[in-house]
Amino acid sequence: MTGTMGALAAALMLASGCAPVSYDTAGEGNQVPAANSVSESADPEASADPEASEAPEEEQEEEVELAPEQLTEKLIKQSPDQMGDVVADEEGFLLYRFDKDSNKPAISNCNGDCALVWPPALTDGEPELEGIDEELVGTVLRSDGTRQLTLDGWPLYRYIGDEKPGQWKGQKVGGTWFNVQPDGKKNLNCLPEGTPKAVPVPKKEEGKGGAAPAPSASGASSSDYDY
């Protein structure tokens, strides 16, 4: 009887609408997200992350000029099934915020290899906004001289583990990364069980945020990286 009940519960979770969009359930480490939402007060404990937790290097005096493909040109409010409100860029990729950053003042603590896995949403001006309060949108000068978009002070990022628009495989990675809501708060819906690890650091290439394209699904969800 216990085995039957467990199988039924797993089937209901797969049918919830969270797993098919955000997780490749065939891959090791891609656990099926819980269907129930979690309140912000139940914030998961942050995992050890020495690389990302290091203080940013001294800011450069001059900003870096960016190529068009490196820029995030739009911030768009979306409401995927089971996820509630989130923010996407002009390509439909969902954006994230990092618990080890700061919003007052705005500071990004994701640099080096961390920024290859979590490319910052870079800008050289003001992005187009759809469903986002312009009063909440700002920028922060990163340690490498690039300027990153912020929402209510929180720096915004993409995740290279999201292989196509509308995915949210970065949700709760390392216990510190979460999809961002249009008001800048963490979206705590569709949290996976356990604490997923980030995909491996890719080779650096030209592109948005200076990061390589997302790796294939094979082996992409099981790594030793916590950032």
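Quick notes on the rules
Residues numbered from 1 in each chain as written. Predicted model: local features only at pLDDT ≥ 70, side-chain atom pairs only at ≥ 80, totals over all residues. Heavy atoms only, no water. Helix = DSSP H or I, 4+ residues; strand = E, 2+ residues; numbered from the N terminus. Buried < 20%, exposed > 50% of the residue type's maximum accessible area, 1.4 Å probe, protein only. Areas by Shrake-Rupley, 256 points an atom, 1.4 Å probe, with all protein chains shown as cover. Disulfide = S-S within 2.5 Å. Phe/Tyr/Trp six-rings, centres within 6.5 Å; stacked < 30°, edge-to-face > 60°. Lys NZ or Arg CZ within 6 Å of the ring centre and 35° of its normal. Patch = residues over 30% accessible without salt bridge, like charges linked within 9 Å, V, L, I, M, F, W, Y side chains within 5 Å. Salt bridge = Lys/Arg side-chain N within 4 Å of Asp/Glu carboxyl O. Lys, Arg positive; Asp, Glu negative; His and termini not counted. Charge placed at Lys NZ, Arg CZ, Asp CG, Glu CD. Pairing = 2+ DSSP bridges. Axes fitted to C-alpha atoms, helices over the stretch in contact; angles between N-to-C directions.

Comments concerning the overall build of the protein chain
Thinking step 1. Across its full length, the protein chain carries 4 helices and 10 strands.
Thinking step 2. Listing the helices and strands of the protein chain from first to last along the sequence gives α-α-α-β-β-β-β-β-α-β-β-β-β-β.
Thinking step 3. Taken across its 227 residues, the protein chain has 47% of its residues classed as buried.
Thinking step 4. Within the structure as shown, the protein chain displays about 11000 Å² of accessible surface, and the carbon and sulfur contribution to it stands at 48%.

What to know about the state of the cysteines
Thinking step 1. Considering all chains together, one arrives at 1 disulfide under this definition.
Thinking step 2. Between the sulfur atoms of Cys110 and its disulfide mate Cys114 the distance is 2.0 Å. In this structure the cystine formed by Cys110 and Cys114 twists about its S-S bond by roughly -110°; its chirality is therefore left-handed. Take Cys110 and Cys114: they sit in the same class, and that class is buried.

Focus on the packing of aromatic side chains
Each aromatic ring pair is specified by the distance between its two centres and by the angle formed by the two planes.
Thinking step 1. If you walk through the whole model with that rule in mind, you get 6 aromatic pairs.
Thinking step 2. For the ring pair Trp118 and Tyr159, a centre distance of 4.2 Å and an interplane angle of 25° mean the geometry is stacked. One end of the pair, Trp118, is in the loop between helix 4 (113–117) and strand 6 (128–130); the other, Tyr159, is in the loop between strand 9 (154–155) and strand 10 (177–179), with 41 residues separating them in the sequence. Note on accessibility: Trp118 and Tyr159 belong to one class, buried.
Thinking step 3. Geometrically, the ring pair formed by Trp118 and Trp177 is stacked, given 3.8 Å between the ring centres and 0° between the ring planes. Linking Trp118 in the loop between helix 4 and strand 6 with Trp177 in strand 10, this pair joins segments that are 59 residues apart in sequence.
Thinking step 4. Among the aromatic residues, those joined into a cluster by ring pairs are Tyr96, Phe98, Trp118, Tyr157, Tyr159 and Trp177.
Thinking step 5. Sitting above the plane of the Trp154 ring, Arg97 keeps its charged end 3.9 Å from the centroid.
Thinking step 6. Directly above the aromatic system of Phe93 lies the positively charged group of Arg158, at a separation of 4.0 Å from the ring centroid.

What to know about a negative patch on the surface
Thinking step 1. Taken together, the side chains of Glu65, Glu73, Asp124, Glu128 and Glu130 make up a negatively charged region of the molecular surface.
Thinking step 2. On the secondary structure map, Glu65 appears in the loop between helix 3 (50–53) and strand 1 (74–78).
Thinking step 3. Taking relative accessible area as the criterion, Glu65 reaches 76% and is therefore assigned exposed.

Some thoughts on the sheet that holds strand 6
Thinking step 1. Reading across the sheet, the 3 strands line up as 2-1-6 and stay open at both edges, with mixed pairing between neighbours. With one partner strand each, in any of the chains shown, strand 2 (86–88) and strand 6 form the two edges of the open sheet. Neighbour-to-neighbour, the strand axes of the sheet open up by a mean angle of 20°, direction not taken into account.
Thinking step 2. Where strand 1 meets strand 6, 3 bridges bridge the pair, whose relative direction is parallel. Along strand 6, the bridge assignment pairs Lys74 with Glu128.

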